Amino acid sequence: AITQYQNANAAYYKQLKENFNVAITLMMIWVVLLGAIFFAQDHLFNTEWFAIQPQKSEGLIGILSAPLLHGSFEHLSSNAFSILILGTLAGSFYPRALLRAIPIIWLGSGLGTWFISLGGHHIGASGVTVGLMFFLIGQGLKRRDKNSMLALVLALFFFGGMVLSVLPQQQGISWEYHFSGAVFGLLTGLLFSGLDTTAPKRLYSWDIEEQTNDDEQ
């Protein structure tokens, strides 16, 4: 029983390391892409053309394009750091769930903003990053194992303030985008919580004794 646990545990953490390497590579590519678009956008097009414009047909394109655009370098930097940390955490612990969640969060955050906001031009990846935060919250609440709690604690340590960003606070910050991302992030975290494996249950002395007694019988 001990050997079986050790082998399963070693295999799990080997896979976790591989997941981490893939996740951080993909998140870095995502960040580089956002940076390239940011430095090119003012020379190529007007960002308002590809922003979410609530309740306007011409603003629907922003549901797809708005997360790729940013209004300032500070805006970009904030979202890039969030993507790098939250995306790597989610991709390391929940790669299968994240693969399904990202499109839903991306589209859901934009569509929700298009419906509930009263105006303006909404751009930025913050709807997705807040969605990732609440995805991790949903996974942690549903799974409640050691590693999901670790991922959640790390996310809250770096970005705990995101939880309050879903409320109207500061003019110029799209709380509607954050709120919509949070809704779809939490839903996908809860719904897809069973797609990824958990670490093997640690064996204690009483577990070994119980299994030994069963084998003797």
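Along each chain, numbering runs from 1 in the same order as the chain's sequence is written. Side-chain atom pairs in this predicted model are given and counted only at pLDDT of 80 or more, local residue features only at pLDDT of at least 70, and totals for whole chains, interfaces and linings cover all residues. Values reported for side chains reflect all heavy atoms of the structure, with hydrogen atoms and water molecules removed beforehand.

Peer 1: I'm lost on the nonpolar core in this one. Help?
Peer 2: Generally speaking, a soluble globular protein has its nonpolar side chains buried in company with each other. Nonpolar core, defined: a set of buried Ala, Val, Leu, Ile, Met, Phe, Trp, Tyr and Cys residues in which side-chain atoms within 4.5 Å join the residues together. Per-residue accessibility, obtained with a 1.4 Å probe over protein chains only, is compared with the maximum for each type, and a residue is labelled buried under 20%, exposed over 50%, and partly exposed between these values. If you look at the biggest cluster of nonpolar residues, it comprises 36 residues, and the most contacted ones within it are W30, L86, M133, F135 and L136. Runs of H or I in DSSP of at least four residues are treated as helices and runs of E of at least two as strands, each being numbered from the N terminus. Those elements giving two or more residues to this core turn out to be helix 1 (2–44), helix 3 (73–93), helix 4 (95–116), helix 5 (126–143) and helix 6 (146–159). Considering each element in turn, this core owes the most residues, eight residues, to helix 5. By definition in these notes, contact holds between two residues if any of their heavy atoms fall within 4.5 Å. Contacts of L86, omitting those with residues within four sequence positions, involve T129, L132, M133, L136, A155, F159 and M162.

Peer 1: Mind showing me how you'd approach helix 5 here?
Peer 2: Expected span of a helix, by definition, is 1.5 Å for each gap between consecutive residues, and there is one gap fewer than residues. Under the 1.5 Å per step criterion, the end-to-end length of helix 5 is 25 Å for 18 residues, consistent within 8% with the ideal 26 Å. For helix 5, a buried count of 16 out of 18 residues is recorded, marking the element as mostly surrounded by other parts of the structure. Of the residues trailing helix 5, R144 is marked for its positive phi of about 55 degrees.

Peer 1: When you look at unusual backbone geometry in this model, what are you seeing that I'm missing?
Peer 2: Peptide bonds are, in most cases, trans, and in most cases residues other than glycine have a negative phi. Here Q55, not a glycine, exhibits a phi torsion of approximately 60 degrees, which is positive. Within the secondary structure, Q55 is located in the loop between helix 1 and helix 2 (62–65). Residues other than glycine seldom take positive phi values, yet R144 does so here, at roughly 55 degrees. With respect to the helices and strands, the residue R144 is situated in the loop between helix 5 and helix 6. R144 gets classed as exposed once you look at its relative accessible area, which sits at 65%.

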